[in-house]
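Fold and contact review
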Amino acid sequence: METSKPQVGIPPRLPEELIAVLQNSGVRLTLAELQQIRERIHQVVNYHATIGVMGKTGAGKSSLCNALFGRDIAATSAVEACTRSPQEIDWSMQEGKGLSLIDMPGVGESEARDTEYAELYRQLLPELDLVLWVIKGDDRALSIDEHFYQQVLLPLIWDSTVPVMFVVSQVDKVEPCREWDWRKNHPGPCQGLNITAKVEQIRRLFKLPDSQVCAIAAEEGYGLVELVEKIVTLLPNEKKWSFTREAKQENVSQQAWQSSLQGLWESITSAVKTVIKDSWDYVSSKFSSLASTLFGWW
C-alpha cells in the first residue's frame, strides 16, 4: 500500500532538535559553532530558488509556469508574443522561503530581437538554479532552439552546476491530435508513438540523456508529475526542497517528496558534519534516529 504524501513543510523546530541531539550526545560546541550550524540549517531550509523558463515565442512557456506552480502568474496569448522582457514572478512564504520564476522572452520573433535576447540570456543565466527550455510538440523547425542552446546556453552552463530540462510542450496538439482522450487527458495510441518519437528527436538533437527531456500538455495536466520528478532528480541536494515545496501539490509524487526531503536532510547533515567532523562518527547514528522520527514515512 502506498503511503500518503506528507503535508508541505518540515518541523519548525528542526534546528533546535538537531542542536539538542548534539548537546545530549556530549559534543562540546562553542557559541560560534552553534551559530554556524543554525545559520547553515536555516539557509538550506529557507533557500530561495530561481528558475529560468526559456524557448521560442509561442512554445508555451507561460502556460507551463502557470500549470507547474498552480497559479496564473504569467501572461499568455495565442496571437502574439506576450513576454518581451523577463517577467520575474516572486513569491515568498514565511521566513523568506519562496521562489523566483523568470519567464524569459521567447526567441525566434525577429533577428533583431534575437540578438537582444541572446545578450539578455547571457546576463541572467549565472543567477539561475534551473533552466526549463520549452519546445512545442508539433514544431518541426528547431534550428533556432539548436542555435541558442549551442551558442548561448551551453557555453555558460558547461562549467556550472545549473541543470537544464527540455520540456516538449503542448503534446495534445501532436498529430493525430483527434486521438487525444479528453476524459483521461492522455494521448491515443498513434499520437503516443509520435510523442515518443518527438522526445527521442529532441534527445538526439541536443545530445541529452532521457532524464533531461519530458513531454507535457500543461493546460491538460499531462506529464507534470513526471516533469517534477525529473527536475527534483536533476537539482543539487540543497535545492530540491525549495523547488518541491513551491510546486503545485497535485504535481508532486511520493517519489519526488522522498527525494526532496532526503536531499534536504543530506544537505543539513553535511553542514553539521563540516562543523563537528571530529565527532561525526560518534553522533551520526543519533542523527539517523532523529531522521527516522521526523520523517518516518521515508
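Please read these numbers as outputs of a predicted model, since none were measured by experiment. (Residues numbered from 1 in each chain as written. Predicted model: local features only at pLDDT ≥ 70, side-chain atom pairs only at ≥ 80, totals over all residues. Heavy atoms only, no water.)

A short note on the overall build of the protein
- Along its length, the protein carries 10 helices and six strands.
- Burial status across the protein gives 50% buried among its 298 residues.
- The contacts in the protein between residues at least 6 apart in sequence include a share of 68% that link residues at least 24 apart.
- Roughly 14,800 Å² of accessible area belongs to the protein as shown, and the carbon and sulfur atoms make up 48% of that amount. (Helix = DSSP H or I, 4+ residues; strand = E, 2+ residues; numbered from the N terminus. Buried < 20%, exposed > 50% of the residue type's maximum accessible area, 1.4 Å probe, protein only. Contact = heavy atoms within 4.5 Å. Areas by Shrake-Rupley, 256 points an atom, 1.4 Å probe, with all protein chains shown as cover.)

Re the packing of helix 7 (residues 224–234) against helix 8 (residues 237–246)
- Between helix 7 and helix 8, the shortest axis-to-axis distance is 8 Å and the interhelical angle comes to 155 degrees. The angle between helix 7 and helix 8 places the two elements in the roughly antiparallel class. Residue-level contacts link Val228, Ile231, Val232 and Thr233 of helix 7 to Lys240, Phe243 and Thr244 of helix 8.
- Grouping the amino acids of the contact of helix 7 with helix 8 by side-chain chemistry returns four nonpolar, two polar and one charged. (Axes fitted to C-alpha atoms, helices over the stretch in contact; angles between N-to-C directions. Parallel < 35°, antiparallel > 145°, perpendicular 65-115°, else oblique. Nonpolar A, V, L, I, M, F, W, Y, C, P; charged D, E, K, R; others polar.)

Details of the nonpolar core
- Counting 55 residues, the largest nonpolar core has Leu64, Leu132, Leu227, Phe243 and Ile276 as its most contacted members.
- The element best represented in this core is helix 9 (residues 254–275), accounting for eight residues.
- The next biggest cluster of nonpolar side chains, apart from the first, holds 34 residues, and it includes Phe148, Leu153, Leu154 and Ala217. (Core = buried A, V, L, I, M, F, W, Y, C linked by side-chain atoms within 4.5 Å.)

Considerations on helix 5 (residues 143–157)
- Along its 15 residues, helix 5 runs 20 Å from first to last C-alpha, staying within 8% of the 21 Å computed at 1.5 Å per residue.
- Along its length, helix 5 reaches its greatest deviation from straightness, about 40 degrees, at tyrosine 149.
- Within helix 5, the full set of buried residues consists of Asp145, Phe148, Tyr149, Val152, Leu153, Leu154 and Ile157. (Expected span 1.5 Å × (residues − 1). Bend = angle between axes of the 7 residues up to and from the residue.)

What about the pattern of salt bridges?
- Under the defined criterion, the tally for this structure stands at seven salt bridges.
- Glutamate 200 is the salt-bridge partner of arginine 204, the closest N and O atoms lying 3.8 Å from each other. Highlighted residues: arginine 204 and glutamate 200, both in helix 6 (residues 189–205), separated by four residues, approximately one helical turn.
- According to the relative accessible area criterion, arginine 204 is exposed, its value standing at 53%.
- Relative accessible area serves as the criterion here: at 29%, glutamate 200 is assigned to the partly exposed category.
- With a shortest N-O distance of 3.7 Å, lysine 230 and aspartate 210 are connected by a salt bridge. (Salt bridge = Lys/Arg side-chain N within 4 Å of Asp/Glu carboxyl O.)

So, the packing of aromatic side chains
- Counted according to the given criterion, the structure contains eight aromatic pairs.
- Both rings, one in tyrosine 149 and one in phenylalanine 166, keep their centres 5.2 Å apart while their planes meet at 80 degrees; by these two values the pair is edge-to-face. Here the residue tyrosine 149 occupies a position in helix 5, and phenylalanine 166 occupies one in strand 5 (residues 164–169), the gap between them amounting to 17 residues. Residues tyrosine 149 and phenylalanine 166 agree in their burial class; the two are buried.
- Ring pairing ties together the aromatic residues Trp133, Tyr149, Phe166 and Phe206, which thus form one cluster. (Phe/Tyr/Trp six-rings, centres within 6.5 Å; stacked < 30°, edge-to-face > 60°.)

As for the confidence of the model for the protein
- For the protein, per-residue confidence averages 80 on the pLDDT scale, and 81% of positions sit at 70 or higher.
- Summarising per-element confidence for the protein, the mean pLDDT is lowest in strand 2 (residues 87–92) (66) and highest in strand 6 (residues 213–215) (97).
- Scored below 50 in pLDDT, residues 1–8 makes 15 contacts in the model with residues more than four places away or belonging to other chains.
- Contacts of residues 74–84 to residues separated by more than four positions or lying in other chains number 26 contacts, the stretch itself having pLDDT below 50. (pLDDT = per-residue confidence, 0-100.)

Side note on the pairing of strand 3 (residues 98–103)
- The buried fraction of strand 3 amounts to six of the six residues, a majority that puts the element mostly inside the structure.
- Here strand 3 shows a buried face lined by Gly98, Ser100 and Ile102 and a second buried face lined by Leu99, Leu101 and Asp103.

Some points on the side chain of serine 242
- The residue serine 242 is located in helix 8 in this model.
- Judged by its relative accessible area of 0%, serine 242 falls in the buried class.

Here's the deal with helix 3 (residues 61–69)
- Among the nine residues that make up helix 3, nine are buried, leaving the element largely enclosed by the rest of the structure.
- Looking one or two residues past helix 3, glycine 70 carries a phi angle of roughly 70 degrees, positive in sign.

Quick word on the pairing of strand 4 (residues 130–136)
- The element strand 4 is largely enclosed, with a buried count of six among its seven residues.
- In terms of strand pairing, strand 1 (residues 48–55) meets strand 4 through five bridges, oriented parallel. The partner of glycine 52 across the bridge, within strand 4, is valine 131.
- As judged from the six bridges shared by strand 4 and strand 5, these two strands associate in the parallel manner. In the strand pairing of strand 5, valine 134 is matched with valine 167.
- Once the chain exits strand 4 it traverses helix 5 before rejoining the sheet at strand 5, and the crossover so formed is right-handed. (Pairing = 2+ DSSP bridges. Right-handed = clockwise from strand over helix to strand, strands pointing away.)

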